Amino acid sequence: APVKVAEPVKEKPRAVFGVLDTPEGAKIRGQMLSWMDPAYQVMEVIQRAPGKLFEYPAIKLAGNLAYDLKEPVLYIHTKGAFNQNDCQAAIRELWRREFSKGLDKYTALLPAETPAIAAPFVSKDGCTWFNAFVVNPEAGQRISSRLPLFSDRYIYESVPRYLGIPAVSPYRAVDSNTVFGLLRELLTQ
């Protein structure tokens with residue numbers, strides 16, 4: 001009988017998942033892991049409420065992993081554990097659609113050997129709205145060595161701009177006036 005050779009098993013890409021340890025955070029965690037676990041090797045960074053370190057520990061870990069492993073890493077978090085403006089469920093649904101099949105759509109946007117971050121929503125000045133992004137190894141090195149702990153949680157959406165890392169998107173640039181329109185548009189496709 002002919003010998004059958006098995007195809008090599010491709011490792012799943014890595015994702016760093018920031019989780020806020022609240023009842024709502026636990027519920028969101030379960031929902032998000034239902035689509036993340038099949039597609040990624042997920043590393044969770046669980047932070048007790050009120051989460052005074054904000055997104056720092058998980059972004060730092062994503063940067064360290066990307067740099068150390070020399071591969072792109074997804075950074076994502078339990079958007080809406082505090083549910084401040086009632087759009088978090090829609091954002092998580094978009095993340096599911098964008099990231100549940102892996103990172104290829106986003107890694108294709110990342111240049112080789114140049115720091116860059118790819119995200120669904122990017123402003124012209126480098127803000128990654130809603131803050132889920134793919135970090136390449138070169139950007140990971142910059143995050144690993146330069147990311148400070150900010151006291152304002154909103155600054156974390158500006159990590160690329162703050163660290164001088166170009167941010168790219170498969171969609172048009174957004175600002176505070178257009179980001180929710182693009183979110184609605186993408187969710188109705």
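Visitor: How should the overall build of the protein be read in this particular structure?
Guide: When helices and strands are tallied, the protein shows 7 helices and 6 strands. By the compact-globule yardstick of 16 Å for 189 residues, the protein fits well, its C-alpha radius of gyration being 17 Å. Considered along the principal axes of its C-alpha atoms, the protein spans approximately 65 × 35 × 35 Å. Looking at the protein alone, contacts between residues at least 24 apart form 73% of all its contacts between residues at least 6 apart.

Visitor: Would you explain the pattern of salt bridges in this entry?
Guide: A side chain with one charge may pair with a side chain of the opposite charge, provided their charged atoms come close. Summed over all chains, the structure comprises 8 salt bridges. Put simply, R29 and E44 hold a salt bridge, and the shortest N to O gap is 2.4 Å. In this pair, R29 is assigned in helix α1 (residues 23-39) and E44 in strand β2 (residues 41-48), connecting sequence segments 15 residues apart. For E44, a relative accessible area of 32% translates into the label partly exposed. In this structure, R96 engages E93 in a salt bridge whose closest nitrogen and oxygen atoms are separated by 2.6 Å. Placement of the pair is R96 and E93 together in helix α3 (residues 88-99), with a separation of 3 residues, close to one helical turn. Judged by its relative accessible area of 33%, R96 is partly exposed. The network of salt bridges with common partners includes E11, R14 and E71.

Visitor: How should I be thinking about unusual backbone geometry in this particular structure?
Guide: The general pattern is negative phi for most residues beyond glycine and trans for most peptide bonds. A positive phi angle is found at K70, which is not glycine, with a value near 55°. Residue placement: K70 occurs in the loop between α2 (56-69) and β3 (73-77). In this structure, F130 takes a positive phi of about 70° despite not being glycine. Considering the arrangement of structural elements, one finds F130 in the loop between β4 (117-118) and β5 (133-135).

Visitor: Explain the packing of α2 against helix α5 (residues 137-146) here, please?
Guide: A pair of packed helices is characterised by two quantities: the angle between their axes and the separation of those axes. For the pair α2 and α5, the least separation of the axes is 7 Å and the interaxial angle reads 130°. In terms of orientation, α2 and α5 fall into the oblique class. Classified by chirality, the crossing of α5 by α2 is left-handed. Residues I59, K60, G63, N64, A66 and Y67 of α2 form the contact with α5, whose participating residues are P137, G140, Q141, I143 and S144.

Conventions used here
Residues numbered from 1 in each chain as written. Predicted model: local features only at pLDDT ≥ 70, side-chain atom pairs only at ≥ 80, totals over all residues. Heavy atoms only, no water. Helix = DSSP H or I, 4+ residues; strand = E, 2+ residues; numbered from the N terminus. Rg over C-alpha atoms; globule rule 2.2 N^0.38 Å. Contact = heavy atoms within 4.5 Å. Salt bridge = Lys/Arg side-chain N within 4 Å of Asp/Glu carboxyl O. Buried < 20%, exposed > 50% of the residue type's maximum accessible area, 1.4 Å probe, protein only. Axes fitted to C-alpha atoms, helices over the stretch in contact; angles between N-to-C directions. Parallel < 35°, antiparallel > 145°, perpendicular 65-115°, else oblique. Left-handed = near helix turned anticlockwise from the far one by under 90°.

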